[in-house]
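Descriptive analysis of the structure
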Amino acid sequence: MTRMAWGAGLATVDSNGSTLDTWYRWLGWGEFGNTEMTAKGTLDQIENNLGMRDTTDEVRKVTIRPVRISIDVDEAPASAEDAYLRLHLLSHRLAAPRTINMDGTFGALNNVAWTNLGPVAVSDLDDVRLGVKKNGGVLNVQGLDKFPRMTDYVVPTGIRIADADRVRLGAHLAEGTTVMHEGFCNFNAGTLGTSMVEGRISAGVTVGDGSDIGGGASIMGSLSGGGTEVISVGERCLLGANSGIGISLGDDCAVEAGLYVTASTPVLTPDGVKKAKEISGMGGLLFIRDGQSGQVIARPRNKTWGELNAELHTGQ
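Quick caveat, the model's predicted, so the values are computed rather than measured.

Considerations on the overall build of the protein chain
Check the secondary structure of the protein chain and you find four helices and 26 strands. Projected onto its principal axes, the C-alpha coordinates of the protein chain cover approximately 70 × 50 × 40 Å. For the protein chain, the residues scored as buried account for 47% of the 316 residues in total. Of the roughly 14,900 Å² that the protein chain leaves accessible, carbon and sulfur atoms contribute 48%.

Here it is in structure tokens:
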């Protein structure tokens, strides 16, 4: 069986015919034009609002083109428009991280100059800046990247983000999540419940309900180095400030501040010294480093770390 998703929105296309971005105003599961589309708008409403004609933005030297698309989410993205729909599905919380095929996303997307006026082709940037300045305006380049920030396309309900630049489109942030100023969340990754994010959630990583990723903490992703191991953090876990993990944590785990546990880290357990990957995913563990010997120790936890501050995650 195939799993189909549909989207309808507007694409930005440069003078060479390359798609810079696509914003989907309407999207859902199924195929475009089916009866299930009433959940997000009837077919007539979508067609009347979207229209059929291209429009031109002379300032940015781009064409704004209506898009209607249906995709098989189990196949790799076939185009930039396809990849953008997958990113929207994730950020709209219609798909959880790692549940749809994101292979080849980087190749499907184009590098774009993200500006205060919208996406601009990098090759046209100087000409666009000249035109803006001649009319007394200012062009701010906020980034050069294949991924835009999520909040320019999708604003999920019930979350707080202190610095929107640090959350990419394709991030999945569950209700009750707070991302502080130094927190970061990549695409195809994110939280599955109420969480505090003050550190880094890399691509492919999921964080369970009630967990806290402390300031400066880092969770390894699998985009670089050929790694295929995907990391997850269970529920009610704590990564202390400036800590890090290259293994998964089960529920109710904690990692001492400043301690980085990679897959090959020798860890003293009640059953002897093991490589950390051998206890990956186990719950109820406290990871600490012996202050004298430097030995990393994993021992059963006999108390909680105090849990999240409820005041920071309610009324959002």
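Points about the UniProt feature "binding site: succinyl-CoA" (unreviewed entry) in the protein chain
Mapped onto this numbering, the UniProt entry gives "binding site: succinyl-CoA" (unreviewed entry) at Arg-200, Gly-215, Ser-218, Ala-241, Glu-256, Ala-257 and Lys-275. A maximum C-alpha distance of 26.1 Å among these annotated residues, which run over 76 residues, shows that they spread across the structure rather than meeting at one spot. Within the element layout of this structure, Ala-241 appears in the loop between strand S19 (238–239) and strand S20 (244–245). Taking the relative accessible area as the measure of exposure, Ala-241 reaches 36% and is therefore partly exposed. In this view, Ala-241 contacts Gly-214, Gly-215, Ala-257 and Gly-258; residues no more than four positions away in its chain are not counted. Looking at the element boundaries, Glu-256 is found in the loop between strand S21 (254–255) and strand S22 (260–261). Overall, Glu-256 belongs to the partly exposed group, its relative accessible area being 30%. Beyond its immediate sequence surroundings of up to four residues, Glu-256 is in contact with Gly-240, Ser-243, Phe-287, Ile-288 and Arg-289.

A closer look at the sheet that holds strand S18 (residues 232–233)
An order of S9-S12-S15-S18 is seen for the four strands of this open sheet, with the pairing classed as parallel. A single partner strand is all that each edge strand has here, and the edge strands are strand S9 (171–172) and S18. Taken together, the two bridges between S9 and strand S12 (residues 189–191) define a ladder with parallel strand orientation. Note on S12: the bridge partner recorded for His-172 is Gly-190.

Some details on the UniProt feature "binding site: Mg(2+) 1" (unreviewed entry) in the protein chain
In the numbering used here, UniProt assigns the feature "binding site: Mg(2+) 1" (unreviewed entry) to Asp-165. Tracing the sequence through the fold places Asp-165 in the loop between strand S8 (160–161) and S9.

Some points on the pattern of salt bridges
Considering all chains together, one arrives at 11 salt bridges under this definition. In this structure, the salt-bridge partner of Arg-68 is Glu-47, at a minimum N-O distance of 2.6 Å. One end of the pair, Arg-68, is in strand S4 (residues 62–72); the other, Glu-47, is in helix H1 (residues 43–50), and 21 residues separate them in sequence. Residue classification places Arg-68 among the partly exposed residues on the basis of a relative accessible area of 26%. One salt bridge connects Asp-82 with Arg-86, and the closest N-O pair in it is separated by 2.5 Å.

Let's talk about the sheet that holds strand S10 (residues 178–179)
Overall, mixed pairing links the 10 strands, which are arranged S8-S10-S13-S16-S19-S21-S25-S26-S23-S24 in an open sheet. One side of each edge strand has no neighbouring strand; the edge strands of this open sheet are S8 and strand S24 (272–275).

Regarding the domain arrangement of the protein chain
In terms of domain boundaries, the protein chain breaks down into domain 1 (4–107) and domain 2 (150–300). Distance from the C-alpha centre of domain 1 to the C-alpha centre of domain 2: 31 Å. Taken together, the contacts link 17 residues of domain 1 with 26 residues of domain 2. Three residues, Ser-91, Arg-93 and Arg-98, lead the burial of domain 1 against domain 2; their summed loss comes to 44% of the area buried on that side. As a salt-bridge pair, Arg-93 and Glu-175 come within 3.3 Å of each other at their nearest N and O atoms. At the junction of domain 1 and domain 2, the tally comes to 10 residue pairs in polar contact (both at pLDDT 80 or more). Where the side of domain 1 that touches domain 2 is concerned, the elements lending two or more residues are strand S2 (19–29), helix H2 (80–91) and helix H3 (105–108). Per element, the largest residue contribution to the side of domain 1 that touches domain 2 is five residues, and it comes from H2.

Analysis parameters
- Within every chain, residues take consecutive numbers counted from 1 along the sequence as written.
- Local features in this predicted model are restricted to residues of pLDDT 70 or higher, and side-chain atom pairs are both shown and tallied only at a pLDDT of 80 or more, whereas totals for entire chains, interfaces and linings draw on every residue.
- Only hydrogens and water are removed before side-chain values are computed, so all heavy atoms of the structure are retained for them.
- Counting from the N terminus, the helices are the DSSP runs of H or I reaching at least four residues and the strands are the DSSP runs of E reaching at least two.
- The classification of residues rests on relative accessible area computed with a 1.4 Å probe and restricted to protein chains. Under 20% of the type maximum is buried, over 50% is exposed, and intermediate values are partly exposed.
- Note on areas: Shrake-Rupley with a 1.4 Å probe; residue coverage comes only from the protein chains shown.
- UniProt positions are given in the numbering used here, feature names are shortened, and annotations may be inferred rather than shown by experiment.
- Any two residues having at least one pair of non-hydrogen atoms within 4.5 Å are treated as being in contact.
- Pairing between two strands requires that DSSP report at least two bridges joining them.
- Salt-bridge detection follows one rule: a side-chain nitrogen of Lys or Arg within 4 Å of a carboxyl oxygen of Asp or Glu.
- Each domain's limits were defined by an automated method or a database of domain assignments.
- Here's the idea: put two parts together, see how much 1.4 Å probe accessible area each one loses, and the total over both is what we call buried area.
- Throughout this description, a polar contact denotes any pair of N or O atoms lying within 3.5 Å of each other; where both atoms belong to protein, one of them has to be capable of donating a hydrogen while the other can accept it, and for residues adjacent in sequence the pair is counted only when both atoms sit in side chains.

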